[in-house]
Amino acid sequence: MSIISDARTAIRLARRLLTSRRNRRDLARRLAAQPRLEPGSVEIAVYFADGPVNMYQVRQWYAPLAELSRTHPVAIVSRNPGTMLTLLDEAPVTAVYARQVVDLERFVDEQAPKIVLYVNQNARNFQMMRYGRMWHVFVNHGESDKMYMTTNQFKAYDFALIAGDAARDRLAEALWDFDLDARTIAIGRPQADHFAGAAPYPADDRTVVLYAPTWEGDRAAAAYGSIASHGTTIAERVLASARHRLVYRPHPRSGVLDEQYRAAHEQIVAAIAAANAADPDAHHVYDDGPELGWQLADADVAITDISAMIYDRLAVGKPLIVTRPVATEADVDERGYLAAANWLTAGDAQDVVARVDAAAHDEAELAALRHWVERYFGDTTPGVATARFHDAIDGLVARWHRAAEEHRGR
């Protein structure tokens, strides 16, 4: 088995090398045709050091950043050739390639951004955070009660833009000697003001079930993924019902580490294709597209794992079921919404259709959801979160000018 495993690893590495070389060649050609970015033309930088597999983390900020760029020039800084190619194709704001540290230094020298936003905790963030005359601001890529949301890495940033009271309380509980009032700014969920796309199926009498699982995780404490434990059964039962439609939107990293998890994912994708072939009017969906919004807003009931998808759906205020992780080591924080969640165990998955029907008509649960929406996001009236995001950026830019003036006066 070790020989087979080593061979597979060698093949994966060879493919990555070939892809990397091709991406660099294609990118060099694309960049040669790009106009030169004028010095001092970037006020807000979004630093993203990851590869294409994690593009979902920055994509969800596209629409808020595009709107912000009307008043504050914005650029996304990429360190990866594959990511940069994707950004050139789809990003609604300027993309800057800084593969090496010397490229990053040149960008800082020429542009002198006032604020740098970070959507994740990539270790390479520290290569950007070494520059002191700008605000380094963590904005994250989603609200959740995962252990990731209370990491001590929050202290590395000058400020953090958080969703609301629940996030503030989590940080207060987890972090020692962290000045929440001075270093956090609650903005809600501005992405929810820009939910994108139209549902790719007809408006009919079918109950639409969104199943949006997360990936398998890289350690036992973060093993929240349900594709292998719940997912194949969920798909089987929903696809077998003539009254329901399945929208399957897995995490982009699903199966990157666990072959069994990937095989379960592929089984669901194949089952959706087979169900649609048998009944073309069913319009079940395997969704791996870049747009996020219609799935959350249109589904009658959503089934998610412990991930940011819970809270994106929560902001919509519509029925939600959460899968209970089978890994006993999985860190489940039930002090917030998860204490009141509508849990689905792996054993209950065979009854998922009945559970979905019950959730779709549970008025008491919908009333309770309104409390949690307020706690996690504050006022979710359309446009309010966007205004709070802009106010936070305006305030930080004004604070930068005050700090710069004080420094010049020394």
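See the structure printed just above.
As a starting point, this report considers the structure included with it.

What counts as what
- Residues numbered from 1 in each chain as written.
- Predicted model: local features only at pLDDT ≥ 70, side-chain atom pairs only at ≥ 80, totals over all residues.
- Heavy atoms only, no water.
- Phe/Tyr/Trp six-rings, centres within 6.5 Å; stacked < 30°, edge-to-face > 60°.
- Helix = DSSP H or I, 4+ residues; strand = E, 2+ residues; numbered from the N terminus.
- Buried < 20%, exposed > 50% of the residue type's maximum accessible area, 1.4 Å probe, protein only.
- Salt bridge = Lys/Arg side-chain N within 4 Å of Asp/Glu carboxyl O.
- 1 Å grid on protein atoms, 1.4 Å probe; cavity = no way out; pocket = protein on both sides within 12 Å on 5 of 7 lines; lining within 4 Å.
- Points joined across faces, edges and corners; volume = space filled by probe spheres on them.
- Nonpolar A, V, L, I, M, F, W, Y, C, P; charged D, E, K, R; others polar.
- Core = buried A, V, L, I, M, F, W, Y, C linked by side-chain atoms within 4.5 Å.
- Contact = heavy atoms within 4.5 Å.
- Pairing = 2+ DSSP bridges.
- Axes fitted to C-alpha atoms, helices over the stretch in contact; angles between N-to-C directions.
- Polar contact = N/O pair within 3.5 Å; in protein donor to acceptor, adjacent residues only side chain to side chain.

What follows deals with the packing of aromatic side chains. The full count for this structure, using the stated rule, is 13 aromatic pairs. Ring plane angle 90 degrees and centroid distance 5.1 Å describe the contact between F138 and F154, whose orientation is recorded as edge-to-face. Taken together, the residues F138 in strand β5 (residues 135-138) and F154 in the loop between β5 and β6 (159-162) connect sequence positions 16 residues apart. The two residues F138 and F154 agree in class, both being buried. When the centroid spacing of 6.3 Å and the interplanar angle of 45 degrees are considered together, the rings of W372 and Y376 count as tilted. Of this pair, W372 and Y376 both sit in helix α14 (residues 363-377), separated by four residues, roughly a single helical turn.

Let us now look at the pattern of salt bridges. One pass over the full model with this rule turns up 19 salt bridges. Across the pair R30 and D89 runs a salt bridge whose closest N-O atoms are separated by 3.1 Å. With a gap of 59 residues between them, R30 in helix α1 (residues 2-32) and D89 in helix α4 (residues 81-90) connect regions that are remote in the sequence. Among the residues examined, R30 registers a relative accessible area of 28% and is labelled partly exposed. What makes D89 exposed here is its relative accessible area of 58%. Here D279 ties to R206 by a salt bridge, and the two come within 3.1 Å at their closest N and O atoms. Placement of D279 in the loop between α10 (259-278) and β10 (285-286) and of R206 in the loop between β7 (184-186) and β8 (207-212) is noted, with a sequence separation of 73 residues between them.

This part is about empty space enclosed by the protein. Within this structure, the stated rule accounts for one cavity of 30 Å³ or more. Considered as a void within the structure, the largest cavity measures approximately 180 Å³ in volume. In terms of lining residues, the largest cavity is bounded by 18 residues, among which V139, N140, L161, I162 and A163 are the most central. At the level of elements, β6 and α7 (165-174) are the ones that each hand at least two residues to the lining of the largest cavity. Among the residues forming the lining of the largest cavity, the class breakdown is twelve nonpolar, four polar and two charged.

This next bit is on unusual backbone geometry. Among all residues except glycine, the phi angle is most often negative; among peptide bonds, the trans geometry is most common. Even without glycine at this site, N140 takes up a positive phi of about 65 degrees. For N140, the position within the fold is in the loop between β5 and β6. The buried category is assigned to N140, whose relative accessible area is 5%. Phi angles above zero are rare outside glycine, and H283 is one such case at about 55 degrees. H283 gets classed as partly exposed once you look at its relative accessible area, which sits at 29%.

One finds V46, L65, I76, I115, L117, V137 and I393 to be the most contacted residues of the largest nonpolar core, which totals 34 residues. Mapped onto this core, the elements with two or more residues apiece are β1 (44-48), α3 (62-68), β2 (74-78), α4, β4 (115-118), β5, β6 and α15 (384-408). Dropping the residues within four chain positions of it, L65 is found in contact with V46, V74, I76, V93 and L117. Core analysis: the second largest hydrophobic core is formed by 33 residues, A166, A222, I306 and L314 among them.

All right, on to the pairing of β8 then. The buried count for β8 comes to six of six residues, which makes it a mostly enclosed element. Side chains T207, V209 and Y211 of β8 all project onto a buried face; the interleaved residues V208, L210 and A212 project onto the opposite face, where all are buried too. Relative to strand β9 (residues 244-248), β8 runs parallel, the two sharing five bridges. Bridge pairing in β9 links L210 to V247. When β8 meets strand β11 (residues 301-304), the two strands line up parallel, connected through four bridges. Each residue of the ladder has a partner; that of A212, found in β11, is T304.

What follows concerns the sheet that holds β9. Pairing within the open sheet is parallel, and its six strands lie in the order β10-β9-β8-β11-β12-β13. At either end of the open sheet lies a strand with only one pairing partner, and these are β10 and β13 (343-344). Sitting on the sheet, α10 touches β8, β9 and β10, and the angle it makes with β9 is about 140 degrees. Along the sheet face, helix α13 (residues 352-360) touches β8, β9, β11, β12 (320-323) and β13 and points at about 125 degrees away from the line of β11.

Moving on, we get to the sheet that holds β2. The strand order across the open sheet formed by seven strands is β3-β2-β1-β4-β5-β6-β7, and the pairing between neighbours is parallel. Each end of this open sheet is capped by a strand with a single partner; those strands are β3 (94-97) and β7. Put simply, the sheet's adjacent strands are angled 25 degrees from each other on average, direction ignored. Judged from the five bridges that link them, β1 and β2 form a sheet pairing that is parallel. Of the residues in β2, the one forming a bridge with F48 is S78.

So, on to the side chain of E143. You can see E143 is positioned in the loop between β5 and β6. Residue E143 is classed as buried on the basis of its relative accessible area of 4%. Within the local environment of E143, its side chain forms a polar contact with the side chain of R170, the two groups lying 2.9 Å apart. Among all residues touching E143, those that are not within four sequence positions of it are M149, A163, A166, A167, R170, S307, A308, Y311, Y376 and F377.

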